[in-house]
Amino acid sequence: MHNHMRMYLASICCNIARSHWSIPSRWMYAHLLDGDLASNSLSWQWVAGTFSSKKYYANQENINKFFHDDQKNTFLDIEYEEFGTMEVPEELLKKIEFKPETAFPESISLGEIKPSTNTLIYNYYNLDPDWHKNEDVQRILLLEPSLFKKYPVNKKCMDFAVSLSGNIHGIKIYVGEFDTILNHIGQQHLVYKEHPANNHYKGTVESRDWMFNVNGYYPSFFKYWKACQKSIQE
């Protein structure tokens with residue numbers, strides 16, 4: 001999705017319809033093929049002005065400019081100073097509760113997983129086809145119902161992830177919880193990549209691939225990005 005479109009949508013939902021950012025951001029995450037929880041959530045918070053007095057707005061003139069359109073007479077066709085006092089437009093008063101359910105692919109049974117065997121645990125955030133490539137290990141794509149209950153995705157997103165896993169030779173899909181795998185295989189045989197959604201995993205943890213070699217705390221995205229640019233130049 002075009003980045004401007006995401007910002008416009010978030011602005012309308014949060015700052016004009018006055019919805020809490022967490023509700024529409026959950027809907028958007030569920031429809032993003034390349035969805036990243038942190039990036040999506042933080043983007044919505046930035047537009048909504050969370051922990052800040054500044055909210056992001058875009059009027060019709062701005063939208064027309066970037067989408068090469070000439071639409072007029074919408075609730076966005078106003079001057080920027082009018083946004084702070086405008087009422088919620090009638091078109092945005094009706095809200096529908098978002099109740100998604102993740103559709104899982106067919107799963108192997110626990111009995112089809114070899115116990116006490118060196119095993120790489122893949123998941124929705126790690127589908128790296130080159131991870132320990134050509135090594136003689138068991139490869140399991142783990143899809144935990146508990147994670148997708150909290151952060152659901154639609155069928156197209158799940159189908160996309162499953163299709164990508166087809167690039168991993170010998171991968172088997174298991175729908176279940178990590179603890180079940182842990183008890184069946186044994187912690188000493190499990191290897192996985194670090195990710196905030198995997199904090200409950202146990203075994204040998206390996207680093208994700210990072211675009212930038214930047215560490216430490218940065219109070220804003222722009223200061224972090226400057227450090228990233230410096231890292232690239234070095």
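Everything discussed here concerns the structure shown above.
As the structure is a prediction and not an experimental result, all values here were calculated from the model.

A. Representation of the nonpolar core. The biggest cluster of nonpolar side chains holds 21 residues, and the ones touching the most others in it are Ile 16, Trp 44, Tyr 56 and Phe 83. Those elements that provide at least two residues to this core are α1 (3-16) and α3 (37-48). Per element, the largest residue contribution to this core is five residues, and it comes from α1. Apart from the residues lying within four places of it in its own chain, the contact partners of Trp 44 are Leu 9, Ala 10, Cys 13, Cys 14, Trp 21, Pro 24, Ser 25 and Met 28. Counting 18 residues, the second largest nonpolar core, distinct from the first, contains Leu 127, Phe 148, Ala 161 and Ile 173.

B. The arrangement of α3 in detail. The end-to-end C-alpha distance of α3 is 17 Å, a good match for the 16 Å that twelve residues give at a rise of 1.5 Å each. Along α3, the residues classified as buried are Leu 37, Asn 40, Trp 44, Gln 45, Val 47 and Ala 48. Taken end-on, α3 shows its buried residues confined to a sector of 165 degrees, consistent with a single buried face. For α3, the N-terminal capping position is held by Asp 36, with its side-chain oxygen 3.2 Å away from the main-chain nitrogen of Ala 38.

C. Geometry of the pattern of salt bridges. Using the criterion set out here, one finds six salt bridges in the structure. Between Glu 97 and Lys 99 there is a salt bridge, and its shortest N-O distance comes to 3.8 Å. The two residues Glu 97 and Lys 99 agree in class, both being exposed. Among the charged side chains, a network of salt bridges with common partners joins Asp 128, Lys 193 and Asp 209.

Thresholds, definitions, all that
Starting afresh in each chain, residues are numbered from 1 along the sequence in its written order. Given that this is a predicted model, residues contribute local features only at a pLDDT of at least 70 and side-chain atom pairs are listed and counted only at 80 or more, while totals for whole chains, interfaces and linings are drawn from all residues. To obtain the side-chain values, all non-hydrogen atoms of the structure were included, while hydrogens and water were left out. Here, the term nonpolar core denotes a set of buried Ala, Val, Leu, Ile, Met, Phe, Trp, Tyr and Cys residues that are joined through side-chain atoms within 4.5 Å. Here's how the labels work: a residue is buried when its accessible area is under 20% of the maximum for its type, exposed when over 50%, partly exposed in between, all with a 1.4 Å probe on protein chains only. A run of H or I in DSSP becomes a helix once it reaches four residues, and a run of E becomes a strand once it reaches two; helices and strands are each numbered from the N terminus. We call two residues in contact when some of their heavy atoms are within 4.5 Å. Here the expected span of a helix is defined as 1.5 Å times the quantity of residues minus one. Of all possible arcs, the one meant is that of the directions from the helix axis to the C-beta atoms. By the criterion applied in these results, polar contacts are pairs of N or O atoms within 3.5 Å in which, for protein atoms, one can donate a hydrogen and the other can accept it, and in which residues neighboring in sequence qualify only through two side-chain atoms. Any Lys or Arg side-chain nitrogen found within 4 Å of a carboxyl oxygen on Asp or Glu counts as a salt bridge.

Coordinates in, geometry out; function isn't part of it.
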